[in-house]
Amino acid sequence: MILTGSEIEKEIKKSNITITPFNKNQVNPNSYNYRIDSRIIDFSKNKIKKIKIPKTGFVLKPHQIYLANTYEILGSDKYAMSLIGRSSLGRLGLFLQVSANLGHTGSKHSWTLELVSAKPLRIYPYMIIGQISFWNNKGRIIHYKRSYSKYNKPKQSKIRRLR
Amino acid sequence: MILTGEEIKKQVKKGNIIIKPFNRKNITTNSYDLTLGEDYLVYTDKILDPAKENKYKIRKIPKNGLLLKKGDFILGHSKDIIGSKKFVPLIHAKSGIARLGLFVHITADIIDIGSIGNTTFQLYATRDIRLYSGMLIGQVSFWVPKGKIILYNGKYQNSLGPKASQIHKDFKEKMKFIS
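Cut-offs used in this document
- Residues numbered from 1 in each chain as written.
- Chains lettered and ligands numbered in written order.
- Predicted model: local features only at pLDDT ≥ 70, side-chain atom pairs only at ≥ 80, totals over all residues.
- Heavy atoms only, no water.
- Salt bridge = Lys/Arg side-chain N within 4 Å of Asp/Glu carboxyl O.
- Helix = DSSP H or I, 4+ residues; strand = E, 2+ residues; numbered from the N terminus.
- Buried < 20%, exposed > 50% of the residue type's maximum accessible area, 1.4 Å probe, protein only.
- Contact = heavy atoms within 4.5 Å.
- Buried area = accessible area lost by both parts, 1.4 Å probe.
- Polar contact = N/O pair within 3.5 Å; in protein donor to acceptor, adjacent residues only side chain to side chain.
- Nonpolar A, V, L, I, M, F, W, Y, C, P; charged D, E, K, R; others polar.
- Pairing = 2+ DSSP bridges.

Right, let's get into the pattern of salt bridges. Side chains that differ in charge, positive against negative, can pair when their charged atoms come close. Taken as a whole and judged by the stated rule, the model has 15 salt bridges over all chains. Between A:K24 and A:E9 there is a salt bridge, with the nearest N and O atoms lying 2.8 Å from each other. Of this pair, A:K24 sits in the loop between strand 2 (17-20) and strand 3 (32-42) while A:E9 is found in helix 1 (residues 5-13), placing the two residues 15 residues apart along the sequence. By relative accessible area, A:K24 is classed as exposed at 54%. The exposure class of A:E9 is buried, given its relative accessible area of 17%. Across the pair B:K176 and B:E173 runs a salt bridge, and its minimum N-O distance is 3.3 Å.

Our focus in this paragraph is helix 1 (residues 5-13) of chain B. One turn of the α-helix equals 3.6 residues, which is why residues spaced by three or four share an orientation. All names here are of chain B. Every buried residue of helix 1 is accounted for by G5, I8, K9, Q11 and V12. Buried residues along helix 1 sit in contact with strand 1 (17-20), strand 2 (32-35) and strand 11 (136-143). Positive phi shows up at G15, right after helix 1, with a value of about 85 degrees.

Right, let's talk about the interface of chain A and chain B for a bit. A common way to report how large an interface is uses the accessible area buried once the components associate. Facing the 43 residues of chain A at the interface are 46 residues of chain B. Between chain A and chain B the total buried area reaches about 3900 Å² when both faces are included, carbon and sulfur atoms providing 64% of it. Our count for the contact surface shared by chain A and chain B stands at one salt bridge. B:D49 serves as the salt-bridge partner of A:R122, at 3.6 Å between the closest nitrogen and oxygen. The interface formed by chain A and chain B holds 18 residue pairs in polar contact (both at pLDDT 80 or more) in total. Counting residues per element, the ones that place at least two in the side of chain A that touches chain B are strand 1 (2-3), helix 1, strand 8 (80-85), helix 2 (87-90), strand 9 (94-96), strand 13 (121-123) and strand 14 (128-135) of chain A. Partitioning the side of chain A that touches chain B into residue classes produces 22 nonpolar, 15 polar and six charged. Looking at chain direction, strand 1 of chain A and strand 12 (residues 145-146) of chain B are connected through two bridges and run parallel.

Written out as structure tokens, the structure is:
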């Protein structure tokens, strides 16, 4: 089952869901709108280039991946999460997360965002950029406490080549 | 919980799910297949900007199909009017379409509960592909929500045809929190 917006609010009060800072205006009928932070990573040339997004915006080059992170700390010890884009930006061609939208129960942090734009697109610091939904679990929960869950800044992949 | 095809049929009859026109043949095991409508939308601005209105043109898919080139991005729409005041719809490509390298939505698969209209497809081609009006292109599944339902009443309600992003309408308002 997917939580409705009013149920998300309830579960925040009960501390079963963490959204910090929380803004009531960002609650949707069945999700919560999150913001992008003010930094972005460009690693297209096999080098990590950290960019501070200016107030006047930063234009994403098409068909290229960038990393960023959510402004909010998002997570839950009770629910599984799906962190995706939003229709208003999907309609402008912005992919948020590259097919790995699942957030494990127990992870609670500022999430790394994977951005790919189909067209040149201007983005602004702290703009609302995507939505997160919360889903009921069935079965015993063993909390996620591994690798990426401790990161609050955009974190590049830790996958190493298999030998 | 996700509804089965049989349950979708039942809930359409009860009026809890809206699918118009409804065609029994488009029911699958866990979803309903969506048909590509005739109109499509192309943005004409070079750089898209959520802070302002982005110009676009609406065109019709020709009878002999529309060739999308690798990397092209357009907005299409479902011929069907869909929505629900009781369940949460999720949009997916048909696997047969995805296997040809076409995205039918751009990471926003969730439809707000209470949102009713033609769904806008965000079509992005990873290789050249020809699209035809009337083809089955996507599918919608329905999920049971938990909690009090507050129905969607937003910028895209009752959409017909492909609907451009309306993000500029309240962009400044939503940025106020930070300054």
